[in-house]
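Chain by chain, the residues run as shown.
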Amino acid sequence: MKQLNLAFASALITLFTLSPAASQAADAAPLTQIGSTPLPEVTGGDFDHFAVDLRHNRLYVAAEVYASIEVFDLKTGKHQLSARGVVKSPRKIVFLEDQNQLLVADAGNASCEFLDATNLHLIKSVSLDPGPDAGVYAPQSGIFYVGNGGRAAKTDFSYVSMISVDKQQVIGRIRVEAATLKTLIIDPSTEKLYATMRDKNQVAVVDLEKNAVEQTWSSPELHVDSAMAYDPLHKRLFVGDRNPGKLVVLDAVDGHVIQTLNIGNVSDDMTYDSAHHRIYISSADGVDVVAQDSPDHYRVVQHVDTLGGKTSIYVPSIGRFFVVHTKGEQAKEAGLQVFKVN
């Protein structure tokens, strides 16, 4: 009986000292696919980024080769509209709720397009240097930061152009010593902008008060870095490497590497889920869900096939995760996958 009681007590101790991540692992898988929408008319080429309109229940995605903005019902995933002719090669897109506008970094037009979000007609085109791609919007200042120039302009440096959404014009630009900027992220609490410098295998830290690069982080662990996500509470920057696929966790204060782990190759989008302490990373090999056991320890807890889809977005208010894939070797036609977040 004494041995039984000790075993029972040990089981209770184990039960009540489980970490949140361990408890999470005992539950359902983080992502469960609940729907899909075929896109037979999108005949080829990559998708780039999503944008969300919660008020009007709309999901937008940029089709950079098909040269369109595809629109879906946010709740059902049903395809609503394919807008062609207004953009040539859309990349980063941002929805402005207060103005009901869609901002599009258009590499084909070398511009930032202001579109009416309802019918996607052109409102204003703002000229940029060639190759606008990466971007991030700062609602506090009303500035859309867009990476442009560099390789597309046949220079070994790029600019982060500052576009005022109220004035609908460029109000400044920041020089970054890299030919390819792939992802921009802002920490509003510190006024720092982080940029992946793919061709340099580095991350730039930009002071947005001085509008200048203040640090450049290098590490042997950074290689063809592309997608990023950010944990503002613990000051952790998550960077996706390519060839091979790696997740690199950096301390966002000084840039030192905390951990690396294997993920799918050619990651293109990454989202940090603060409520569930997870990172969702979409790559050409599928989606990897990474659990944050602590600010200094991470592990892959799920891998999901996405038919080659590497463009994704998590919408926490409705508990849905979306991935869009193109027509190719893994899929007979393009389509949108809808996942429930558990």
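Let us look at the structure shown here.

Scoring rules and cut-offs
- Residues numbered from 1 in each chain as written.
- Predicted model: local features only at pLDDT ≥ 70, side-chain atom pairs only at ≥ 80, totals over all residues.
- Heavy atoms only, no water.
- Core = buried A, V, L, I, M, F, W, Y, C linked by side-chain atoms within 4.5 Å.
- Buried < 20%, exposed > 50% of the residue type's maximum accessible area, 1.4 Å probe, protein only.
- Contact = heavy atoms within 4.5 Å.
- Pairing = 2+ DSSP bridges.
- Helix = DSSP H or I, 4+ residues; strand = E, 2+ residues; numbered from the N terminus.
- Axes fitted to C-alpha atoms, helices over the stretch in contact; angles between N-to-C directions.

Attention now goes to the nonpolar core. Nonpolar side chains tend toward joint burial in soluble globular proteins. Counting 19 residues, the largest nonpolar core has Y145, V160, L184, I186, L193 and L208 as the members making the most contacts within it. Look past the residues within four positions of Y145 in its chain and what remains in contact with it is A134, G135, V136, A138, V160, S161, M162, L184, I186, L193 and L208.

Here the focus is the sheet that holds strand β16 (residues 202–207). Sheet architecture is open: 4 strands sit in the order β14-β15-β16-β17, paired in antiparallel fashion. Two strands close off the open sheet at either side, each with one partner strand: β14 (181–187) and β17 (212–218). Between one strand and the next, the sheet's axes are offset by a mean angle of 20°, whatever the strand orientation. Pairing of β14 with strand β15 (residues 192–197) involves 5 bridges; the strand directions are antiparallel. By the bridge assignment for β15, I186 is matched with L193.

Quick look at the pairing of strand β2 (residues 47–53) now. Of all the 7 residues making up β2, 7 are buried; the element is thus mostly covered by neighbouring parts of the structure. Here 5 bridges tie β2 to strand β3 (residues 58–63), and the two strands are oriented antiparallel to one another. Within β3, the residue paired with F50 across the bridge is V61. A loop of 4 residues connects β2 with β3, the two strands running antiparallel in sequence, and N57 in this loop sits at a positive phi of about 60°.

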